[in-house]
Amino acid sequence: METVVSGIRSTGNLHLGNYYGAIQNFVKMQNEYNCYFFIADLHSLTTHPTPADLHGNIKQVLVEYLAAGINPETATIYIQSDVPEIAELYLYMNMNAYLGELERATSFKDKVRANPDNVNAGLLTYPVLMAADIIIHKATKVPVGKDQEQHLEMARTFANRFNRLYNKDVFPEPYAFNYSENLVKIPGLDGKGKMGKSEGEGNAVFLSDSPEIIRKKVMRAVTDSGPTAENQDKPVEIQNLFDIMKVVSSPDTYNHFDNLYNSCQVRYGDLKKQLAEDIIIATTPIREKINDIANDAPYLRQVAKHGAIKARESAQRTIKQVRETIGFRSF
Ligand code: TYM
């Protein structure tokens, strides 16, 4: 059975982008593959969270994984820092990752532009840690959103390079995965780029948002003054709303508003109302479970402990092989 690995950084509540880009696939894949889903708390250290924030955020992602339908009996759910073998593999992989290729990563360049005062080495080697996360379980499929595509390419490069260096087939090649034909990019509500946790107020709809908040955020989304010619291209902010509609609404609803747009009869107020209601329908079953799970400390403790044991079993097998391959031998 093929092995699947994926993770989400513990930097706050999960949003629709995380859900449609990643988690929806996790939930389906857990019944078909040998799955490892983790909370990337080591990755979140690049932005220097306080100890209290760090713990709260890890818990929040764990709770939302479970609320979204990941079954800890079927998939292995764990916290990255509970598996020290990942950090060890990261160290080994860093020896064969080169400054030039790391500096060229789009995500690194974006981070440098956004936070010029915090260009730390962890940011630079972020794709190496991500590769370690994946290859520690010898995964071949990695359910992620479109923004992670380049990181997967780098993971393949690092895995292949290790195999070549030691002339041994230790790691298989991992590929980004989505059940739909293409990897998903969910846009934000601000008329600009993708939905993200740190893209500013009103950009993201969180799985934990109440119906009132969802309605407010969607109604405030940026629009233009409406189409002036039939079948004209949609400007970015309008295309964004249609892109979100494509994943949360029925095809009939999508086609209905698309036809109205193309015949210049669309009323954005109606479109947004429908979009908000469909987001509410999609997120309510998850939101309703979040509180109950968050209050069940013994359950969370048991899930994290059980997941760490299972993840370490697999990680230790790989690390043993990696150490031998590198040439570490006991006396
Ligand atoms: P992170 O925490 O930024 O995002 C988690 C997952 O959500 C997806 N995603 C989106 N998909 C579509 N549209 C969006 N607007 C959107 N925003 C986020 C991301 O593509 C991702 O799948 N580096 C990763 C975490 C990670 C990881 C790994 C993933 C660490 N190690 C190993 C896979 C395998 C990250 O920062 O994702």
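Calculation rules
Numbering of residues starts from 1 in each chain and follows the order in which that chain's sequence is written. Totals for whole chains, interfaces and linings use every residue, but because this is a predicted model, local features are given only for residues with pLDDT of at least 70 and side-chain atom pairs only at 80 or more, for both listing and counting. No hydrogens and no water enter the side-chain calculation; it runs on all heavy atoms of the structure. Strands are runs of DSSP state E lasting at least 2 residues, helices are runs of H or I lasting at least 4, and numbering of each runs from the N terminus. Expected span of a helix: the number of residues minus one, times 1.5 Å. Burial here depends on accessible area, computed with a 1.4 Å probe over protein chains only, as a share of the maximum for the residue type. Under 20% is buried, over 50% is exposed, and the range in between is partly exposed. For this description, a residue counts as near a given molecule or strand if any of its non-hydrogen atoms is within 4 Å of it. For the purposes of these results, a polar contact is taken to be a pair of N or O atoms within 3.5 Å, where, inside protein, one atom must be able to donate a hydrogen and its partner to accept one; residues adjacent in sequence count only when each atom of the pair is a side-chain atom. Where accessible areas are quoted, they stem from the Shrake-Rupley method and a 1.4 Å probe; at the residue level, only the protein chains shown are allowed to cover. Amino acids are sorted into nonpolar (Ala, Val, Leu, Ile, Met, Phe, Trp, Tyr, Cys and Pro), charged (Asp, Glu, Lys and Arg) and polar (every other residue, Gly among them). Buriedness of a pocket was judged along seven lines, with at least five required to meet protein on both sides within 12 Å; pockets are open sets of points on a 1 Å grid over the protein atoms alone, cavities are sets where a 1.4 Å probe fits but cannot get out, and lining residues have an atom within 4 Å of a point. Grid points are joined across faces, edges and corners, and a volume is the space filled by probe spheres set on the points.

Q: Just to check I follow, could you spell out helix H3 (residues 51-68) for this structure?
A: In an α-helix, one turn spans 3.6 residues, which is why side chains three or four residues apart end up on the same side. Taking 1.5 Å of rise per residue, 18 residues should cover 26 Å, and H3 covers 26 Å from first to last C-alpha, within 8% of that figure. Taken together, the buried positions of H3 are occupied by Asn57, Ile58, Val61, Leu62, Val63, Glu64, Tyr65, Leu66, Ala67 and Ala68. Following H3 by one or two positions, glycine 69 adopts a phi angle in the positive range, close to 115°.

Q: Sorry if this is basic, but what is going on with the site of the ligand here?
A: Around the ligand, the structure places 27 residues, and the nearest of them are Arg9, Tyr126, Asp133, Asp147 and Ile186. Measuring from a nitrogen atom of the ligand, one finds a side-chain N or O atom of aspartate 133 at 2.7 Å. Here an oxygen atom of the ligand sits 2.8 Å away from a polar atom, N or O, in the main chain of glycine 145. Here the ligand loses 98% of its free accessible area of 700 Å² to cover by the protein chains. Of the residues in the shell around the ligand, the class split is twelve nonpolar, nine polar and six charged.

Q: So what exactly am I meant to see when it comes to the layout of surface pockets here?
A: Which parts of space are left empty comes out when a probe the size of a water molecule is rolled across the atoms. In this structure, the largest pocket occupies an estimated 1300 Å³ of space. Lining the largest pocket are 45 residues, with Arg9, Lys111, Asp147, Gln148 and Lys194 positioned closest to its centre. For the lining of the largest pocket, the secondary structure elements donating two or more residues are strand E1 (3-9), helix H1 (16-29), strand E2 (34-40), helix H6 (106-114), helix H8 (126-135), strand E4 (141-143) and helix H9 (149-166). The element contributing the most residues to the lining of the largest pocket is H6, with six residues. Considered class by class, the residues forming the lining of the largest pocket number 17 nonpolar, 18 polar and ten charged.

Q: Where do I start with unusual backbone geometry in this structure?
A: Negative phi characterises most residues that are not glycine, and trans characterises most peptide bonds. Phi is positive for asparagine 231, close to 55°, though the residue is something other than glycine. Assignment of secondary structure puts asparagine 231 in the loop between helix H10 (211-219) and helix H11 (236-248). Positive phi values are uncommon outside glycine, yet cysteine 264 reaches one of about 60°. Its location among the elements puts cysteine 264 in the loop between helix H12 (251-262) and helix H13 (268-294). In this structure cysteine 264 comes out as partly exposed when scored by relative accessible area, which is 31%.

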